[in-house]
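Structure at a glance
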Amino acid sequence: MPKTEIFDPNILNEKASLYLCAAGFEDRALGIVRQLKKERLAYSLILEYTTQKEDNKANLAILKKLLNDFSDEIPLTSPADLDNPLATQQDLAEKLKTIENKKITHVFVDISGMANVLILQTLSEVHRLFWDKKLYLLYTEAERYYPNKEDEQEIYTIIQEENIEEFGTIFSSSGAKEIFILPDFKGRFKDSLPICLIFFVGYEPIRSKGLIEQYCPNLVVVCYGEPPHDKFKWRARFSKTIHEDIIGVFKNYPYIDSKKINKGDISTFDISDILIKLEKIYATFYNEYNICITPQCSKLQAVATYLFTLTHPDVQVLFCLPGYFDPERYSKGTGSSHIINLFS
């Protein structure tokens, strides 16, 4: 099982390294590179979002400057178009193929600034093209996550008053623009079986409702995330309240809380815990259902989803694009940074 450890910048002293990251607007997108001092990288690659460029340009400029200082080669960039995920993955593959494989011994994928779909795409391409290299995941926590505790009652009030105009101003993203399944994660469904959707639930009930109504699963296993820090524990209860008690996201579909299968909620941080609990859910339903997972909560749950599909190629992964991301209602600040050897 992957083991999570505190990040030590000295590990990047490996000169034959490739470092990948995304220039997202969150502060933590810079969490790793700001810790580098004299480390030398053979290559670096920045995934550059094509949407909301104004929100992302400050972090993009800093990443280009720092990685140019720490890399032997000028940093590569590859477009990350969340509205066109197939083109994004194709462009990434082409850029990675320009890197001389034999010069690389270590690959470091920094997911701190990546959307969940981009995490799975990046890991898929890196594993495909650099399968014989040591692959490490880098991840920086945020200092504060939206929604904050002080926003809780205001959000409850707006939802209960059914103030539709205000919905777009209280969540991190607005609505569900599109659901999609990437070719690498379409699974191997049996025609005769219904679909069980394992839903890693976040804090965007309108997006969740749109996803469910477009996909129409036969059964939903609802997985609320348990944060690793006590100060964020309230968020699991909050997520359940806004999804089930107020908006009723799952009320028109047969659903079961994953706590009835596992003991407690599923971690948002511990990949081993996530994989163990996914395995138990899978074992409970795979004989009677086709299994699909939608990682709508934490980045590390998205990583665990990717790893789970490697050992369960029958499992499908479902993604959902929001109408809009609101940078002011995402994470702020930079917390601890971590490193994970994915295939130790």
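Coordinates for the structure precede this section.
An account of the accompanying structure is given in this report. This structure is a prediction, so every number in the text was calculated from the model and none was measured.

Remarks on the sheet that holds strand S6 (residues 134-140)
Read from one edge of the open sheet, seven strands run S1-S15-S6-S5-S2-S3-S4, paired in mixed fashion. Each end of this open sheet is capped by a strand with a single partner; those strands are strand S1 (4-6) and strand S4 (76-80). Shown here is a sheet whose adjacent strand axes are inclined to one another by a mean of 25 degrees, direction ignored. Direction of pairing for strand S2 (residues 17-22) relative to strand S5 (residues 106-110): parallel, over a ladder of four bridges. When the sheet's bridge partners are listed, Tyr19 is paired in S5 with Phe108.

What about the pattern of salt bridges?
For the structure on display, the rule yields 18 salt bridges. For Glu54, the salt bridge is made with Lys57, and the minimal N-O distance between the two is 3.2 Å. A residue pair is termed a helical-turn pair when its members lie 3 or 4 positions apart in one helix, as Glu54 and Lys57 do in helix H1 (residues 53-70) at three residues. Among the salt bridges present, the one from Lys240 reaches Glu244, with a minimum N-O distance of 3.3 Å. Of this pair, Lys240 and Glu244 both sit in helix H7 (residues 234-246), separated by four residues, roughly a single helical turn. Note on Glu244: relative accessible area 17%, which makes it buried. Linked through salt bridges whose partners overlap, the residues forming this network are Glu26, Arg28 and Lys299.

Considering the packing of aromatic side chains
Here a ring pair, both rings aromatic, is described through the centre-centre distance and the interplanar angle of the planes. The final tally for this structure, using the stated rule, is 11 aromatic pairs. Seen in terms of ring centroids, Phe180 and Phe319 are 5.5 Å apart; in terms of plane orientation they differ by 25 degrees. Their pairing is stacked. Of this pair, Phe180 sits in strand S7 (residues 178-180) while Phe319 sits in strand S14 (residues 319-321), and the two are 139 residues apart along the sequence. Of the two residues, Phe180 and Phe319, neither departs from the other in class, the shared state being buried.

Rules behind the numbers
- Residues numbered from 1 in each chain as written.
- Predicted model: local features only at pLDDT ≥ 70, side-chain atom pairs only at ≥ 80, totals over all residues.
- Heavy atoms only, no water.
- Pairing = 2+ DSSP bridges.
- Helix = DSSP H or I, 4+ residues; strand = E, 2+ residues; numbered from the N terminus.
- Axes fitted to C-alpha atoms, helices over the stretch in contact; angles between N-to-C directions.
- Salt bridge = Lys/Arg side-chain N within 4 Å of Asp/Glu carboxyl O.
- Buried < 20%, exposed > 50% of the residue type's maximum accessible area, 1.4 Å probe, protein only.
- Phe/Tyr/Trp six-rings, centres within 6.5 Å; stacked < 30°, edge-to-face > 60°.

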